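Summary of the model geometry
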Amino acid sequence: MEGAIFPNRPVYRIPTHRPPQPAPTVKFSTLTLPLPPQSPSSPSFESLLQQLLHLSSSTNTTTAHKPKTINQSHQSISQFPSLRVSVDPSWKHQQEVHPRTPTSVVVVPEFDAEKEEGKPCNGSFGFLSMKCKFLLNSILEQPLHSLSSFFDSAKLELLDADMTGLLKALDLSGNWDRALLLFEWAVLNLSSENVKLDKELIESIVRILGRESQHSIASKLFDVIPLEEYTLDVRAYTTILHAYSRTGRYERAIAIFQRVKEIGLSPTLVTYNVMLDVYGKMGCSWNKILGILDEMQSRGLEFDEFTCSTVISAGGREGLLKEAKDFFTDLKSRGYKPGTVAYNALLQVFGKAGNYSEALSILKEMEENNCPPDSVTYNELVAAYVRAGFYEEGASVIETMAQKGVTPNAVTYTTIINAYGRAGNQDKALRLFDQMKEAGCVPNVCTYNTVLGMLGRKSRSEEMMKILSEMKTNGCAPNRITWNTMLVMCGNEGTQEYVKQVCREMRSCGFEPDRDTFNTLINAYGRCGCDIDAAKMHEEMVKAGFTPCISTYNALLNALARRGAWKAAESLILDMKNKGFRPNEASYSLMLHSYAKGGQLRGIRNIEKEIDKGHIFPSWMLLRTLVLVNFKCKSLRGMDRAFQALQKHGYKPDLVLFNSMLSIYAKNNSYDRAHEMLQLIHESGLHPDLVTYNSLMDMYARAGECWKGEEILKGVLKSGGRPDLVSYNTVIKGFCRQGLMQEAIRVLTEMTKGGIRPCLFTYNTFLTGYAGLGMLSEMDEVIQYMIENNCRPNELTYKIVVDGYCKARKYKEAMDFVLNIKEVDRSFSDTSVQRLTSRVQNNLQS
């Protein structure tokens, strides 16, 4: 098909051999044209939400019989207003996961039950008295939802019992949830008796929650227990610090860390590693991190793999690529031999920046130092490739892994699926998703979230319903990110009520907002055009104890970019810098979009100059954005410069970029350059998609080569493709511009028979064609046809008709037409009628 339809060089002024006109002439009427198909119905957003709600409820084993929490069972205890702890055994398997497994893993103290003092060898709980054993059996026999009532009934016995021993026994028997409920009950009842909690009791619950990775519960629990009144062991404090780090409560973690040092405890290597992670995630803390490292050295602590990887990851998170690499190089110069974890962290830093050449050199260094790559190594390499636009090269890593004896995992596949989806190649992403399952790699919740997000961006609701059903069949419980994905999907203009509804349902399923949720909410409200609500979410986030990060600022920038508020966006960037945050590639990309929406080419050019000077790292994402914003501003020169810069840095353009370049060349009648882009698409190993073909059709339609445009349309059909509404509208536009109205009607007939419903643009195109030919009665037929088929004309529609009458000097008919509009369309505004009336009068006077 390529050889026939798309020659390497454009063919100018192709002789147009018009086929004979149909006889009799087809009128624009329901009597001669097939009825337009009904708009296809797809599952509503409410249906998707209810499906997710049902899935979340059905996988939450304790939703139906949720045990009472401290707040629920003792509403009168006002000193614990913030403690809302639910006990769901499935929560451990719903921990938040991200597209790529973090390479910086902070290890908290492992509390091995077998090593705990008093652990019986025969499982008989010999450390418990007979009274406590009786209480233990009674607790184990009670349903979860009845435990609070049971504890109240056995209050005297429990207050007199070895509470710490009971917690330990419940934990050893695999009932951490019951242990937590017992601890909550003890907190309330001991405080009401003015009895101070035993520090061993607190340390026990810390160990239990730490082992079960119940970070959210732990952080909320220790918000209401006055830790300042106790001196716990350093392992317990380290676990609490880790819980606050995992839940984004960085300021609280820092305060507790200071408390640890003030009371004379010596932080361990693991404690320091946790705090490095806290500062790294909090942002604007590179100097704090260096201070922690100095403090560790002064205490004689040697850095381990986790120290190294955490510091490197922190540098990468803040865009401090040079600092991260210099830290790594300095460690090696001191005799440190990095392992796989440290190398993986460095790979992730350059992978995030899309600097695949640096990533490849790191991989080479690993091999030279006999440091074996693992699955995380290859996953970071995949990420580096796709961030530089090399999707196929990233996908080929799967084969490399198999050759090296490393099995690709869900993270590997999910990274590539996500890349294909963001590049607009949803079908290829879905094929890889199927390939993943055929290879025996079980999708995790992150994979499903990625696919749902990809489909949600394209409003493919029916397929989203299937994915949710598949999650249910496979027993894959939705997590907080699944709900955040729904928030992203409903973030469109006029859908702010959906945002609020999703929040309500999310909370009803036990998912309280975390920092990522607040960032998502700011983004969603920004896309809805509700800047006030976005600002409120920012305030609520701070009140909830979450520290704003670069993602928060980027969410606010996104809201400003959508309405082109570039001055406000510049102020926000300045505020970021003043508070110590270093804008990343996403920040600058959003700033570029702000300028583009506001029509500020000078602002775009300024960022481009900063990139050229080396002040801003020229990542693939940023250079790609430069191409696209220049496209929005119709700046051909700017697009050329950005496209050349992208190629100069060794990045691979994706199909979206090629299509944008081809489109702007087509709009500027640069046929040679347009065909060069088409040739580059093939040379890059990509395949033209419908957007490519539509751009070429548009190019020929603009040049008056309407038959050539239809030839491309037929070629798409012959190759098994499915032209869309834009395809047919473009060909119709080409024929209408040449006055070939019968050919345009023929294409319309083929379109409707193919199941595609005409839109307002279709009808306005016909009206423009008839108006240009002075075919006034045919214009009336189009208007009548629109009304009969539930397509309401807009002001532009009527303006085209009015101009047609005026061009034919039928001013009275034009005025009569305007005055009759309200009789046909009562919803048409009086203001619009007045504007059309003035248009007729102005034409009459000119």
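Now for a look at the structure at hand. As the structure is a computational prediction, the values presented were derived from the model and not from experiment.

Under the defined criterion, the tally for this structure stands at 16 aromatic pairs. Aromatic pair Tyr-391 and Tyr-420: ring centres 6.2 Å apart, planes at 55°, arrangement tilted. With Tyr-391 in helix 20 (residues 391-403) and Tyr-420 in helix 21 (residues 410-422), the pair connects residues that are 29 residues apart, well separated along the chain. Each of the two residues, Tyr-391 as well as Tyr-420, counts as buried. Centre to centre, the rings of Tyr-553 and Phe-581 are 5.3 Å apart; their planes meet at 55°, and the pair counts as tilted. Linking Tyr-553 in helix 29 (residues 550-562) with Phe-581 in the loop between helix 30 (566-578) and helix 31 (585-597), this pair joins segments that are 28 residues apart in sequence. The two residues Tyr-553 and Phe-581 agree in class, both being buried.

In this section: helix 39 (residues 725-737). End to end, helix 39 covers 18 Å across 13 residues, agreeing with the expected 18 Å (1.5 Å per residue, within 8%). With 10 of 13 residues buried, helix 39 lies mostly within the body of the structure. Regarding helix 39, the residues found buried are Ser-727, Tyr-728, Asn-729, Thr-730, Val-731, Ile-732, Lys-733, Gly-734, Phe-735 and Cys-736. Each element contacted by the buried residues of helix 39 is listed here: helix 37 (690-702), helix 38 (706-718), helix 40 (741-753) and helix 41 (760-773). Near the N-terminus of helix 39, the side chain that reaches the backbone nitrogen of Val-726, with its oxygen 3.2 Å away, is that of Asp-724. Directly after helix 39, the chain includes Gly-739, whose backbone phi takes a positive value near 75°.

The full count for this structure, using the stated rule, is 37 salt bridges. A salt bridge links Glu-585 to Arg-387; the nearest nitrogen and oxygen atoms lie 1.8 Å apart. Of this pair, Glu-585 sits in helix 31 while Arg-387 sits in helix 19 (residues 375-387), placing them 198 residues apart in sequence. For Glu-585, a relative accessible area of 17% translates into the label buried. Glu-676 serves as the salt-bridge partner of Arg-673, at 3.2 Å between the closest nitrogen and oxygen. In this pair, Arg-673 and Glu-676 both sit in helix 36 (residues 671-683), 3 residues apart, roughly one turn of the helix. Take Glu-676: its relative accessible area is 38%, and that puts it in the partly exposed class.

Rules used throughout
- Residues numbered from 1 in each chain as written.
- Predicted model: local features only at pLDDT ≥ 70, side-chain atom pairs only at ≥ 80, totals over all residues.
- Heavy atoms only, no water.
- Phe/Tyr/Trp six-rings, centres within 6.5 Å; stacked < 30°, edge-to-face > 60°.
- Helix = DSSP H or I, 4+ residues; strand = E, 2+ residues; numbered from the N terminus.
- Buried < 20%, exposed > 50% of the residue type's maximum accessible area, 1.4 Å probe, protein only.
- Expected span 1.5 Å × (residues − 1).
- Contact = heavy atoms within 4.5 Å.
- Polar contact = N/O pair within 3.5 Å; in protein donor to acceptor, adjacent residues only side chain to side chain.
- Salt bridge = Lys/Arg side-chain N within 4 Å of Asp/Glu carboxyl O.

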